[in-house]
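Chains, contacts and geometry: an overview
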Amino acid sequence: MSEPLEVGGRSELLGEGRPGDRRPSKVAIVGAGAVGSTLAYACLLRGAAREVVLYDLNRAKVEAEALDIAHGIAFTPMGTVSGSDDLAVCADADIVIVTAGAKQRPGQSRLDLAGATIGIMRDLLPRLVEVAPDATYVMVANPVDVVTYAGLKISGVPEDRFFGSGTVLDTSRLRYLVAQKCGVAVQNVHAYIAGEHGDSEIPLWSSAMIGAVPLLQWGYTADGELLDEAVRAQIAEEVVTSAYRIIEGKGATNYAVALAVVRIIEAVLRDERRVLSVSTLLDDYLGISDVCLSVPTVVGQTGAGRRLVPVVTEHERAGLRSSAESVRAVIRQFGF
């Protein structure tokens, strides 16, 4: 194991840490692959935390990623970035982001990854909790809903402080596509993807809005066609398949997912109480219990809070239940 390579020049600046805590806020990122390293870079660019640390078994890679990012610190509001193959680098982190897991290959579904990734979590999570017992844990490794449920059982961390990135990225993809189709700013599209982060996910069309207008009442799109059921189905299909297309073309998705996870980090460290579609353990949510799925959730300093229940159609309710069964079936295969 190596000493962490730590670089940066403004660590004396105080972070956004917990109320009454004057030490800099600290984000630990586990896994220095495409997602983890891009996430560290995105944290720097947005000033999400004052200290970012990367942990990976590959010493040369994790140190190189940290050094490459650090060379741009003069142009960011951040303080320090460290990289190490020693898990102690994660000690006392405010939030731990777990990106390490089996790599998704072209044509492979997220659920196909479950076994290998759960095996990694059985070894990794107890050691992480030992060095960062008070952290909020966010699982990013796929299949995120299965890994989040298994991780909860393995780690023993309270459920409000242990959740998955879920469909935060899928929701962003949905809003982007709707904005493109309707000719509006993506920031004015308010719509959510719920359920599994994967093939059975559900767009909650019945509660979606563009500005103050219900999406189902929007009418014509920017190219003159009605935003009808067929067009909405095309959008939903593209949300589901876009990751496969990106993986086929470049080997991994990393930019958008990093930005999505930074939004979660900011919500926690800054106590924003932002509504995000993270994956949490559900308890009688529209009749769904004992499974981790994504639903609109208030995220702040204490982690995942209130799960919001939007207006849903019977079709959407049935889709969520089907999504829950899809995830639960995989969980059962691994004894959880």
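Residues numbered from 1 in each chain as written. Predicted model: local features only at pLDDT ≥ 70, side-chain atom pairs only at ≥ 80, totals over all residues. Heavy atoms only, no water.

The next thing to look at is the pattern of salt bridges. Applying the stated rule across the entire model yields 16 salt bridges. With a closest N to O distance of 3.9 Å, Arg270 and Glu266 form a salt bridge. Among the residues examined, Arg270 registers a relative accessible area of 31% and is labelled partly exposed. Residue Glu266 is classed as buried on the basis of its relative accessible area, which comes to 1%. When salt bridges with common partners are traced through the structure, they connect Arg46, Arg263, Glu266, Arg270, Glu272 and Arg274 into a single cluster. (Salt bridge = Lys/Arg side-chain N within 4 Å of Asp/Glu carboxyl O. Buried < 20%, exposed > 50% of the residue type's maximum accessible area, 1.4 Å probe, protein only.)

With that out of the way, let us pick up the sheet that holds strand S13 (residues 274-276). Strands pair in a sheet through their backbones, by hydrogen bonds, and they do so in one of two ways: parallel or antiparallel. Pairing within the open sheet is antiparallel, and its three strands lie in the order S13-S16-S17. Edge positions in the sheet fall to S13 and strand S17 (303-307), since each has one partner strand and no second. The average angle at which neighbouring strand axes cross in this sheet is 40 degrees, direction not considered. As paired strands, S13 and strand S16 (residues 297-300) are joined by three bridges and run antiparallel to one another. Looking across to S16, one finds that Arg274 is bridged to Val299. (Pairing = 2+ DSSP bridges. Helix = DSSP H or I, 4+ residues; strand = E, 2+ residues; numbered from the N terminus. Axes fitted to C-alpha atoms, helices over the stretch in contact; angles between N-to-C directions.)

Closest axis-to-axis distance for the helix H4 (residues 144-155)/helix H8 (residues 314-333) pair is 9 Å, and the angle between their directions is 50 degrees. Between H4 and H8, the angle falls in the class oblique. For the pair H4 and H8, the crossing hand works out as right-handed. Listed contacts from H8 to Asp145, Val146 and Tyr149 of H4 are Val327, Val330 and Ile331. (Parallel < 35°, antiparallel > 145°, perpendicular 65-115°, else oblique. Left-handed = near helix turned anticlockwise from the far one by under 90°. Contact = heavy atoms within 4.5 Å.)

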